[in-house]
Amino acid sequence: MAERTEQRLEDRVPELQQLERVGLFTHKEIKAVLRKASALEYKIQRRALRKEDFITYIQYEINLLELIKKRRARIGYSFKKDEIEHSILQRVHSLFNRAIGKWKDDVQLWLSHVAFCKQWNSKHQLSKVFSSMLAIHPNKPELWIMAAKWEMETQLSSESARRLFLRALRFHPECPKLYQEYFRMELMHAEKQRKEKKAFEQAKMDLGEFSYSEEILNGEMARIIYRDAAQKIKGVPFHLAVLSIAKLFDFTQDLQKEILESLQAQYADDPLTWDFMARRELELGSSQSTGHTTKQMKVSEMTQREERCCAVFEEAVKAVPTEDMWKCYITFCLERCNRKTNSEELKQKRLERTLSVFNKAFESNLLLEAFYKQWLQLLLECNLSEKATEVAEAATKRFTQSVEMWQMRLQVLIQLKSDDVAQCFEEAIKHVNSKGTLPLWILWVEWSEGANSKEDTDALYQRSLRATTPAESVTMKEKYLDWTYRNSGYKKVRRVFTSLCENRPLSVDFFRKMIQIEKEQECSKMLHLREYYERALREFGSTGSDLWLEYIKEELSHPQGKPENCGSIHWRAMKMLQGDLVEDFISKYTLLQTGHL
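The name given to the protein chain in an unreviewed UniProt entry is UTP6 protein, with the source organism recorded as Piaya cayana. As stated in UniProt under Sequence similarities (unreviewed entry), the record for the protein chain gives "Belongs to the UTP6 family." The annotation that UniProt attaches to the protein chain under Subcellular location (unreviewed entry) is "Nucleus, Nucleolus".

Put into structure tokens, the structure is as follows:
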């Protein structure tokens, strides 16, 4: 092992000598490189090999290559690359091969080697890397696509790319992405041949016996791929994906037409088909002349296009009356409504159209729950408060168990300062299961704080503690404590705190809130602080290392504190804390003693 390492280090000597001879590195730098390389080399010769050691070694060599490149550029020296860079490149490839041989399943390692080959233009090596990688990882379509793209775009070999795609499809006969990229590749190949032919024709060159296939020039290979894929891959998204690829090429009108006809024939009842057909109207040219256009003409043209889209959507919701179809229509309207325009007229038309579509979906009983909130926001923005109240009520009737719907209705009533808020809260709590009602109780008490007497709000807080689940009541206890202090002062909050401590569960923040309240008093009492800390530690002593430290700091810093108590608090903490928390506590306690915490 040592002999092998020494041999590898000796193999570096010629390149290092050349680096010094040509003035790229100093003698001192060469010695430093040799020393570092020696340390890295010995690390990868150990019995227990570590991937990180190989990665560190590879990164060091890459950094060395980059440095040599910069030094060459600086002094303008471009000779002896075979003796210097070539030797380092071969070593990096060898390191990658050794690492990959040991950790074949690490795809990231393979991809790092691929990236290195691309960066340093090691085409022959990259071809071998792709071949080996695909043999080990044939189950990853994205790797096949990467290899095929390289063959097509860098090696300019459509034949090699085609072979790779065909091999990939044997492993993944129903992979949409593979078909899409194969389809794209064949169209790129056709486009390349069309350009070549045009260049030859313009140069009036005699092609002799060579001729271009009209079928390939017209994208017939892509058509075959599409037809084959359409037999195996079902669903609108695939058809739309290949159609969007076909649109990138100006010779695919017939192919686009075929995909579109297939889409409409096979998926006439799919909302996505209708959505595409409707949105397509935005791209189609207007009936207006293409001469000089004024701002008003542009607005008029956009209005016409959007109306054509909506005409298709109107037809769609009649043909396919489903929630998903209405979702597509409403989403389109909202997108247009949110689109910026300087035309007040167009802005108003979009708003009116959106509100109208919301209403139609609502009347058809096909409006999704998620859309009610957006509809209500629009209604309130337009000052249509009566309609907003009506819609909010209808939403809670349709989705009686939905906390979000009740919350939304209540927010509308609160915003409109309605007299029915309290009654609506009662109705909501009656309909919704106790689990998950926390947002409603928070909203209720917050509204009550501003609308009702202190007595009523206090009673409501106590009621919320009984009505919510134990886990949710924790939040209500924190809010109750905070509200009591703000509205009834220190003595009352002390009584509430003592009372609430009897009803578990509690939270660390609950105790911290009471500790903070005590510290805010003009004459805060350490006796009370100790009581709060002791209560908190009874609940969270095994998990709250910070709580123990805060207690110790309080004893040290409070005017009435007893520093002599810190030892016993520390001892108790060490006994109660669990696992890694002990180490965390010790390190922080050490910092506290040295004044760094």
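On we go.
1. Brief notes about the packing of aromatic side chains
In the structure shown here, the tally under the stated rule is 28 aromatic pairs. With a centroid separation of 5.7 Å and an interplanar angle of 5°, the aromatic rings of F358 and W375 are classed as stacked. One end of the pair, F358, is in helix α17 (residues 344-363); the other, W375, is in helix α18 (residues 369-381), and 17 residues separate them in sequence. Given a relative accessible area of 0%, F358 falls into the buried group. Measuring from ring centre to ring centre gives 5.1 Å for W441 and W444, while their planes differ by 20°; the resulting arrangement is stacked. Of this pair, W441 and W444 both sit in helix α22 (residues 438-451), separated by three residues, roughly a single helical turn. Each of the two residues, W441 as well as W444, counts as buried. Taken together, the aromatic side chains of F358, F362, F371, Y372, W375 and F399 make up a single cluster linked through ring pairs. Note that K69 overlies the ring of W120, its terminal NZ or CZ placed 5.6 Å from the centroid. A cation over an aromatic ring shows up here: R71 above the ring of F25, its NZ or CZ 4.9 Å from the ring centre.

2. Some thoughts on the UniProt feature "domain: U3 small nucleolar RNA-associated protein 6 N-terminal" (unreviewed entry) in the protein chain
Within this numbering scheme, the UniProt entry marks residues 9-91 as carrying the feature "domain: U3 small nucleolar RNA-associated protein 6 N-terminal" (unreviewed entry). End C-alpha to end C-alpha, residues 9-91 measures 11 Å, and it is 75% helix and 0% strand.

3. Some words on empty space enclosed by the protein
Across all of its chains, the model carries one cavity of 30 Å³ or more by this definition. Of the pockets and cavities examined, the largest cavity occupies roughly 60 Å³. A148, K149, M152, E153, F165, E181, R184, M185 and M188 are the residues that line the largest cavity. At the level of elements, α7 (141-153) and α9 (176-202) are the ones that each hand at least two residues to the lining of the largest cavity. Counted by class, the lining of the largest cavity contains five nonpolar, no polar and four charged residues.

4. Considering the side chain of S262
Positionally, S262 belongs in helix α13 (residues 253-266). Exposure remark for S262: the relative accessible area of 15% places this residue in the buried category. Reaching out from S262, the side chain makes a polar contact with the side chain of Q266 at a distance of 2.8 Å. With sequence-adjacent residues up to four places away left out, S262 is seen in contact with Y226, H239 and Y267.

5. Section: the pattern of salt bridges
Tallied over the entire structure, the rule returns 49 salt bridges. Measuring nitrogen to oxygen at the nearest pair gives 3.0 Å for the salt bridge that ties E323 to R398. Of the two residues, E323 sits in helix α16 (residues 323-338) while R398 sits in helix α19 (residues 385-398), which places them 75 residues apart along the sequence. As a salt-bridge pair, E539 and R504 come within 2.6 Å of each other at their nearest N and O atoms. With E539 in helix α26 (residues 526-540) and R504 in the loop between α24 (470-500) and α25 (508-520), this pair connects stretches of sequence that are 35 residues apart. Residue E539 is classed as partly exposed on the basis of its relative accessible area, which comes to 27%.

6. Some words on the environment of A428
You can see A428 is positioned in helix α21 (residues 421-431). Each C-alpha atom, one on A428 and one on R184, is 55 Å from the other, the two residues being 244 residues apart in sequence. Beyond its immediate stretch of four places on either side in the chain, A428 contacts W406, L410 and L440.

7. Structural notes on the layout of surface pockets
Estimated volume of the largest pocket: approximately 230 Å³. As for the largest pocket, its lining consists of 15 residues, of which Q462, L465, R466, L500 and N503 are closest to the centre.

8. Considering the nonpolar core
Among the nonpolar cores identified, the biggest contains 122 residues, and F183, L367, Y372 and W375 are the most heavily contacted of them. The biggest single contributor to this core is α16, with nine residues. Residues within four places of W375 in sequence aside, it is in contact with L355, F358, N359, F362, L367, K387 and V391.

So, how was this worked out
- Residues numbered from 1 in each chain as written.
- Predicted model: local features only at pLDDT ≥ 70, side-chain atom pairs only at ≥ 80, totals over all residues.
- Heavy atoms only, no water.
- UniProt positions renumbered as here; feature names shortened; annotations may be inferred.
- Phe/Tyr/Trp six-rings, centres within 6.5 Å; stacked < 30°, edge-to-face > 60°.
- Helix = DSSP H or I, 4+ residues; strand = E, 2+ residues; numbered from the N terminus.
- Buried < 20%, exposed > 50% of the residue type's maximum accessible area, 1.4 Å probe, protein only.
- Lys NZ or Arg CZ within 6 Å of the ring centre and 35° of its normal.
- 1 Å grid on protein atoms, 1.4 Å probe; cavity = no way out; pocket = protein on both sides within 12 Å on 5 of 7 lines; lining within 4 Å.
- Points joined across faces, edges and corners; volume = space filled by probe spheres on them.
- Nonpolar A, V, L, I, M, F, W, Y, C, P; charged D, E, K, R; others polar.
- Polar contact = N/O pair within 3.5 Å; in protein donor to acceptor, adjacent residues only side chain to side chain.
- Contact = heavy atoms within 4.5 Å.
- Salt bridge = Lys/Arg side-chain N within 4 Å of Asp/Glu carboxyl O.
- Core = buried A, V, L, I, M, F, W, Y, C linked by side-chain atoms within 4.5 Å.

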